[in-house]
Each structure stands twice: as C-alpha cells, then as structure tokens.
Amino acid sequence: MIDMAQEMTKSLPVQQFVPEQTIQCYLDSLLQDAAQELALAEQQTQELAPPVQLEVAPVVVPAEPEPELEQELLVEAEVALSTDAEHVPPVFEQVAWREEPFEALLFDVGGLTLAVPLVSLGSIYPLEDEITPLFGQPDWFLGILPTQAGNLKVLDTARWVMPERYDPALRDGLRFVISVQGYDWGMAVHGVSKSIRLTPEQVKWRSQQGKRPWLAGTVIEHMCALLDVSALATLISAPGARALANSR
Amino acid sequence: MKNTAAQGAEDPILQWVTFRLDNETYGINVMQVQEVLRHTEIAPVPGAPAYVLGIINLRGNVVTVIDTRQRFGLGSAPITDNTRIVIIEADKQVVGILVDSVAEVVYLRQSEIETAPNVGTDESAKFIQGVCNKNNELLILVDLEKMMTEDEWAELQGF
C-alpha cells in the first residue's frame, strides 16, 4: 500500500494510449453535457418560479377574501407547489465537500485526466499482485485484488468511464488501484498524478440525473472530469448494476 | 474447552479440494469429491451438449465427464500430465469434471469465506459460492450444485 500523501507529491509517468484528439473530444462532450444540463435547469427554474410566487402570495396575506375564492386560491397554491416539486430538476445530493474548497487527486485513465475528492478515497495500491478474475462477471469488473485491508473488487475505470472509446490494450497498462472510502471497490488506473485544491466555483457542477451519475462535474482549468466516486461505488454495488452492465 | 467447541459450532472448519483452471485456483467441498483420476480416454457421446466431454468407464460404471473450462466460460487447453478428472457427487449424481490439475486440500473457517461479488451478468457467475485468501492466493469456491441447471442435471442422467 502506498501512503497517499507521499504518492500525491510525485508525478508518475502516464502512458498515452488514446490520441489527444480523442481525449479532447471526450472531455468536450462531458463539458457540453454539463453546459446543456445547466442551461436546462436554469430554463426550468425560470419557467416554474413565477407560479409559486403568484399563487402563494394571496394565501399568505388574505385580504378578507370570500370563502369560495379563498378555497380556490388554496387549491391553486397546492397544485402549483406540487407541480413545482415534480418539475424542478432534483438537486444532487448535497455532499459537504461540494460546498467548500476541497483537495482532489488527479489521475490518469487511458490518457484522460480524472479528479476525485480526497475525502472519498481510501488507499492507493500498486498493481504488483495479480488481480484474480472471476468467471461470469461483466467486462468492467477486472476481478479481486487481495490487500491488507481485505479483498478489493476492482473496476476497469476506463471501460466504465469511456466505454465507447475503450481499447482492450488499455488493460495492459494499468498500474494502480485506488480504493473508494467506505466501499470494498477500487478503480484501476494508469497513473496517479498530484493533488490540487479546488473551489466549488471552479467546478462546473452537474446534475446526477444524466446518463453519467458518477460525474460530479468538470474542471475546465485543469481539463479534467471530477468523479463522484461514492455515487460510482453505489451504482456498481447496487443490484441494478447488472442491468446497467447489460446496457453499456 | 467449552469455548473451543462453541467456537467450532459457530464457525465451522470446512475442507476444500483445490484445483487449477487457467492459472486460477478453485475450491470444491471435499464432501462432494469421491476420487481424483489421472486423465484417461474419454469416449465422446454423439449428440451430447457442449458441456459434456464424454463418458469414462470407472470400474464398470459409466461416468459422464463435464468440460469445466467450457462451463466456466474459459478457452480450451491441451491435456497435460497434470490434467485430472475429479469424480464428484452433485445433485445425487456422480459425474467427473476435467481440470488442469488438482492442488491440495485446504481447511477454511466459514468466517474466512467472503461472498462473491454480485455483479455477474452471466449464468456462470452463480457457480461462485465465495472467495477466500489462502497462502497469499485467492481461492474461488465453486458451488457444484449450481454448476448445472435442474434441466441440465436431469439431462445428464440420460447418459
């Protein structure tokens, strides 16, 4: 096991498996997704905000309304509120680290730079020991890595994060497994780079309702995608992962 | 003494016969293993399912031999001096399973066995009863009963 602090201070060589253009294209698509979601969320908020104010106001300050009118207004207010609750895009889970400046670890997966909040990480294990594959498992499940902390189920991060650009040759260059805090899962990666400090404003946050719930957002300044590894671990640990695996 | 006995009841020690397939080590419950044979001529059975290699004559009894590699979704491998046929009893039938080699008998406490990951999409994932670290090696424990479906076990009786 590698000490995280020590590991973060040195930059490890990264093998470039995927042409830069492809990586740029992928990152662009992530950024585009995030921008579209943000625009959609703003649009919906603008559309839905007025009815709440208009309908609720009369109920709060009743100027001696006629009984029937009062009843109508109450019903309208309730309808407006319930409609509002159904249509406003659900706010992603408020996790403490999203609200304040946080440290994140940069690492490389098939040439793509990913960032993960340090609070979500466990340990970094060099891939010296062989990962034991299990038959009958989805292709994104590499197998089991025995560690001092117990057996770690290892995710083929590249295959999960960019399945459409996955090259089987990527599997040969895996060098580390980063375990996820609180889960018996780890992510196989090609290189570990350094830690950076991010402020919430630097991140283009993303709703979790998209097709990539594990993507917390993107950081344009560092040209990287910020992962929500807890969401990722929850996703792959859930029974639904089977269906998800089938659809990938 | 009482404590030891109580501990044994709560956390029984189980014996597993380990064998190798495609460089991985698998374990099967020793109580289901009848004997281990060196590779012998396996007579193919026309029309048999793909997972049936054929039949052998075991002291006058016909025993069906299952292609374990095929069953586990692994590629085929040449027969070597280490190849063995493990005669097992599962689903009230005696069958043979062809393996690359047989390693040893290991003792595992029930508590040492971890459940297998529940992400498998393939039918064969159901065979995995659990995993366990032993001698710096990961053992994959196989549930022989689940190696075949009920229909397949019934089909085997026809040979």
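Residues numbered from 1 in each chain as written. Chains lettered and ligands numbered in written order. Predicted model: local features only at pLDDT ≥ 70, side-chain atom pairs only at ≥ 80, totals over all residues.

- With an unreviewed UniProt entry as reference, chain B is termed Chemotaxis protein CheW, source organism Pseudomonas jilinensis.

1. Some words on the overall build of chain B
Here is step 1 of the chain: If you tally the helices and strands in chain B, you get three helices and 10 strands.
Here is step 2 of the chain: Secondary structure elements of chain B occur, N-terminal to C-terminal, as α-β-β-β-β-β-α-β-β-β-β-β-α.
Here is step 3 of the chain: Expressed as a percentage of its 159 residues, the buried residues of chain B come to 31%.
Here is step 4 of the chain: Look at the contacts in chain B between residues 6 or more apart in sequence, and 56% of them connect residues 24 or more apart. (Helix = DSSP H or I, 4+ residues; strand = E, 2+ residues; numbered from the N terminus. Buried ≥ 20, exposed ≤ 12 C-beta atoms within 10 Å, placed from the backbone. Contact = placed C-beta atoms within 7 Å.)

2. Description of the environment of Pro 146 of chain A
Here is step 1 of the chain: Topologically, Pro 146 of chain A is positioned in strand 4 (residues 141–147).
Here is step 2 of the chain: Residue class for Pro 146 of chain A comes out partly exposed when judged on the 19 C-beta atoms lying within 10 Å of it.
Here is step 3 of the chain: A C-alpha to C-alpha distance of 8.0 Å links Pro 146 of chain A and Asp 129 of chain A, two positions 17 residues apart in sequence.
Here is step 4 of the chain: In this structure Pro 146 of chain A touches Asp 129 and Asn 151 of chain A together with Asn 133 and Leu 138 of chain B, once residues within four positions along its chain are discounted.

3. Examining the sheet that holds strand 8 (residues 101–109) of chain B
All names here are of chain B.
Here is step 1 of the chain: Spatial ordering of the open sheet is given by 8-1-2-10-9, a layout of five strands whose pairing is mixed. Strands at the two margins of the open sheet, each flanked by one partner only, are strand 8 and strand 9 (128–134). If you compare each strand with its neighbour and ignore which way they point, the axes differ by 35 degrees on average.
Here is step 2 of the chain: Inspection of the sheet shows strand 1 (residues 13–21) paired to strand 2 (residues 24–29) by six bridges, in the antiparallel sense. Residue pairing in the sheet places Thr 18 in a bridge with Gly 27 of strand 2. (Pairing = 2+ DSSP bridges. Axes fitted to C-alpha atoms, helices over the stretch in contact; angles between N-to-C directions.)

4. Focus on the confidence of the model for chain B
Segments scoring low in pLDDT should not have their predicted coordinates read at a detailed level.
Here is step 1 of the chain: Scored by pLDDT, chain B has a mean of 89; 93% of the residues are at 70 or more.
Here is step 2 of the chain: The ipTM for the predicted assembly is 0.73, set against a pTM of 0.68. (pLDDT = per-residue confidence, 0-100.)

5. Quick look at the pairing of strand 5 (residues 61–66) of chain B
Residue and element names in this part refer to chain B.
Here is step 1 of the chain: Where strand 4 (residues 52–58) lies against strand 5, six bridges are found, and the strand directions are antiparallel. Considered in strand 5, the bridge of Gly 54 is made with Val 65.
Here is step 2 of the chain: Hairpin geometry of strand 4 and strand 5 is characterised by an intervening segment of two residues between the two adjacent antiparallel strands and by a positive phi of about 50 degrees at Arg 59.

6. Considerations on the confidence of the model for chain A
Here is step 1 of the chain: Averaged over chain A, the pLDDT score is 70; the fraction of residues at 70 or greater is 55%.
Here is step 2 of the chain: Low pLDDT, under 50, characterises residues 7–19 of chain A; the stretch is placed with 29 contacts to residues that sit more than four places away or in other chains.

7. Quick look at the nonpolar core
Nonpolar side chains in soluble globular proteins tend to end up buried together.
Here is step 1 of the chain: Core analysis: the largest hydrophobic core is formed by 88 residues, its most contacted members being Leu 155 and Leu 227 of chain A.
Here is step 2 of the chain: With sequence-adjacent residues up to four places away left out, Leu 155 of chain A is seen in contact with Trp 140, Phe 141, Leu 142, Trp 160, Trp 185, Gly 186, Met 187, Ala 188 and Ile 236 of chain A. (Core = buried A, V, L, I, M, F, W, Y, C linked by C-beta atoms within 7 Å.)

8. A word on the sheet that holds strand 7 (residues 185–189) of chain A
Residue and element names in this part refer to chain A.
Here is step 1 of the chain: One open sheet accounts for five strands, arranged 3-6-7-5-4; its pairing is mixed. Of all the strands in the sheet, just strand 3 (121–126) and strand 4 have a single pairing partner and so form its edges. Shown here is a sheet whose adjacent strand axes are inclined to one another by a mean of 30 degrees, direction ignored.
Here is step 2 of the chain: Bridging between strand 3 and strand 6 (residues 176–180) involves four bridges; their strand directions are antiparallel.

9. Considerations on helix 6 (residues 229–237) of chain A
Here is step 1 of the chain: Among the residues making up helix 6 of chain A, those that are buried are Val 229, Ser 230, Leu 232, Ala 233 and Ile 236 of chain A. Projected down its long axis, helix 6 of chain A shows its buried positions confined to an angular sector of 160 degrees, all on one face. (Arc of directions from axis to C-beta.)

10. Examining unusual backbone geometry
Residue and element names in this part refer to chain B.
Here is step 1 of the chain: For Asp 22, which is not glycine, the phi dihedral falls at a positive 55 degrees.
Here is step 2 of the chain: With respect to the secondary-structure elements, Asp 22 resides in the loop between strand 1 and strand 2.
Here is step 3 of the chain: A positive phi angle, near 60 degrees, is found at Asn 136, a position not held by glycine.
Here is step 4 of the chain: Take Asn 136: it is sitting in the loop between strand 9 and strand 10 (137–142).
Here is step 5 of the chain: Note on Asn 136: 7 C-beta atoms within 10 Å, which makes it exposed.

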